[in-house]
Amino acid sequence: MKDKLIDIFVSVCFFAIGISLLLWAEKVTNTVSQIIGAVMILYGIFVSINYYRSSDKKVSDIIFAIILITGGIILVVKPNIVTELISIVIGAYVILASIIRLRFVLEVKENLNYNLGFGLSILGIVLGILCIVGKLLIPNIVLQFVGILLMIYAITNIINIVVLPNKTKTRK
C-alpha cells in the first residue's frame, strides 16, 4: 500500500508539473534552470574551498569544481538550455517507468484488469516517445506539449496503480 501511495504522489507531482508547463512553460524552465545553476555555482565554490583547505589535493576535485561553476554560470546566463533538454529527459523517464509497469502487468496476466493495465502501459510508452519526438518536430510549443503529455501520463498512471494489485502480493 505504501508503494502505491508513493506512486500516486509522484503522479500527482507530475500532473502539477504538467499544468505548470502548460501555463507557464518558459517561466518555469528558466526559473528552474537558474536555481540549478545557482546551486551548482555554490557547490562548486564549496568544493574549491575544500580543495584549498585540504592537505590531500586531488586534481579531480578542482576540475570538478571548475566544471560545476562553469555549468552553473551557463545555466544562470542561458537558462533556455534546460528547455531544450527537458522534454527528452521527461520522455525517457516516462518510457522507462511505463516499461517497468508493463513488465509488472505482464507478470499478473491473471488479473481481471490485465487489458486495461496493458493498454495504459503502452499508452505511457507512446506518450514518452511523443515527448522525445515532439522536441524534434515542434520546437515552439514543446513544453506545453510535454505538460499535456505529463498530465495524461499522470492520470493513466494513477488509474493503473489503483487497478493493479499490490506488487508484494503477486511476487510470492
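Just so we're clear, the structure is a prediction, and the values are computed from it rather than from any experiment.

A. Local environment of the packing of aromatic side chains. Scanning all chains against the criterion turns up five aromatic pairs. Look at F14 and Y93: their rings are 5.3 Å apart centre to centre, the planes differ by 55 degrees, and that puts the pair in the tilted class. Placement of F14 in helix 1 (residues 2-53) and of Y93 in helix 3 (residues 80-107) is noted, with a sequence separation of 79 residues between them. Aromatic pair Y43 and F64: ring centres 6.1 Å apart, planes at 80 degrees, arrangement edge-to-face. Here F64 lies in helix 2 (residues 59-77) and Y43 lies in helix 1, a separation of 21 residues in the sequence. Cluster of aromatic residues (ring-pair linked, three or more members): F14, Y93 and Y153.

B. The arrangement of helix 1 in detail. Taking 1.5 Å per residue as the helical rise, helix 1 with its 52 residues ought to reach 76 Å, whereas the 44 Å between its terminal C-alpha atoms falls clearly short. Along helix 1, the helix axis deviates most sharply at W24, where the bend reaches about 115 degrees.

The rules behind each value
Residues numbered from 1 in each chain as written. Predicted model: local features only at pLDDT ≥ 70, side-chain atom pairs only at ≥ 80, totals over all residues. Heavy atoms only, no water. Phe/Tyr/Trp six-rings, centres within 6.5 Å; stacked < 30°, edge-to-face > 60°. Helix = DSSP H or I, 4+ residues; strand = E, 2+ residues; numbered from the N terminus. Expected span 1.5 Å × (residues − 1). Bend = angle between axes of the 7 residues up to and from the residue.

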